[in-house]
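What follows is the residue order along each chain.
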Amino acid sequence: TALSQRGTRAAASVVLDVGDAFCPWNTRRWRLEGDRSTLHCAVTDDAADVALDARTLASLSLGGVAASQLARAGLIDEHTPGAAACLDALLASDRPPWNPFIF
């Protein structure tokens, strides 16, 4: 739901294979698709373009780090060449994340 609330400038699609060791019921594949204005996120059985865990997806959802950076760090496995760059385009943000509150 959180990803579907974000906007995007990209017209692209990527399938994420999300693993979650802490909450295994969250483990599944998701298609993230942009139409140059809205992101759509839905469960799919299609082959994954990238594999990542829920913590890495949380980092991406905030927009402070690029998927291609996380792929170079070994936190994202790119199954389809160029999929991390596609994810970068889908999740690009004009403003970096900022939180004025201390947790």
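Parameters at a glance
Residues numbered from 1 in each chain as written. Predicted model: local features only at pLDDT ≥ 70, side-chain atom pairs only at ≥ 80, totals over all residues. Heavy atoms only, no water. Helix = DSSP H or I, 4+ residues; strand = E, 2+ residues; numbered from the N terminus. Rg over C-alpha atoms; globule rule 2.2 N^0.38 Å. Buried < 20%, exposed > 50% of the residue type's maximum accessible area, 1.4 Å probe, protein only. Contact = heavy atoms within 4.5 Å. Areas by Shrake-Rupley, 256 points an atom, 1.4 Å probe, with all protein chains shown as cover. Arc of directions from axis to C-beta. Pairing = 2+ DSSP bridges. Axes fitted to C-alpha atoms, helices over the stretch in contact; angles between N-to-C directions.

A.B. asks: So what exactly am I meant to see when it comes to the overall build of the protein chain here?
C.D. replies: What the protein chain contains, in helices and strands, is three helices and five strands. Written out in order from the N terminus, the α and β elements of the protein chain read β-β-β-β-α-α-β-α. Relative to the compact-globule value of 13 Å for 103 residues, the protein chain shows a C-alpha radius of gyration of 13 Å, a close match. Going through the 103 residues of the protein chain one by one, you find that 31% of them count as buried. A separation threshold of at least 6 residues defines the contact pool for the protein chain, and within that pool the share at least 24 residues apart is 60%. Put simply, the protein chain shows about 6,500 Å² of open surface, and 56% of that area lies on carbon and sulfur atoms.

A.B. asks: How should helix 1 (residues 54–62) be read in this particular structure?
C.D. replies: An α-helical segment advances 3.6 residues per turn. Residues three or four places apart therefore align on the same side. Of all the positions in helix 1, only Thr 56, Leu 57 and Leu 60 are classed as buried. When helix 1 is viewed along its axis, its buried side chains cluster within an angular range of 100 degrees and face the same direction. Facing away from the buried side of helix 1 by more than 90 degrees, the exposed set consists of Arg 55 and Leu 62. For helix 1, the elements touching its buried residues are strand 1 (13–19), strand 4 (50–53), helix 2 (67–72) and helix 3 (83–91). Once helix 1 ends, the next one or two residues include Gly 63, with phi positive near 85 degrees.

A.B. asks: Would you mind showing me how to read the sheet that holds strand 2 (residues 28–34) here?
C.D. replies: In a beta sheet, neighbouring strands pair by backbone hydrogen bonds and run either parallel or antiparallel. An order of 3-2-1-4-5 is seen for the five strands of this open sheet, with the pairing classed as mixed. Every other strand in the sheet has two partners, leaving strand 3 (39–43) and strand 5 (77–78) as the edge strands with one partner each. Of the pairings in the sheet, the one linking strand 1 to strand 2 comprises six bridges and is antiparallel in character. From the neighbouring strand, Val 18 faces strand 2, where its bridge partner is Arg 28. The sheet contacts of helix 1 involve strand 1 and strand 4, and relative to strand 4 the element is tilted by about 100 degrees. Across the sheet, helix 3 touches strand 1, strand 2, strand 3, strand 4 and strand 5, and the angle it forms with strand 1 is around 100 degrees.

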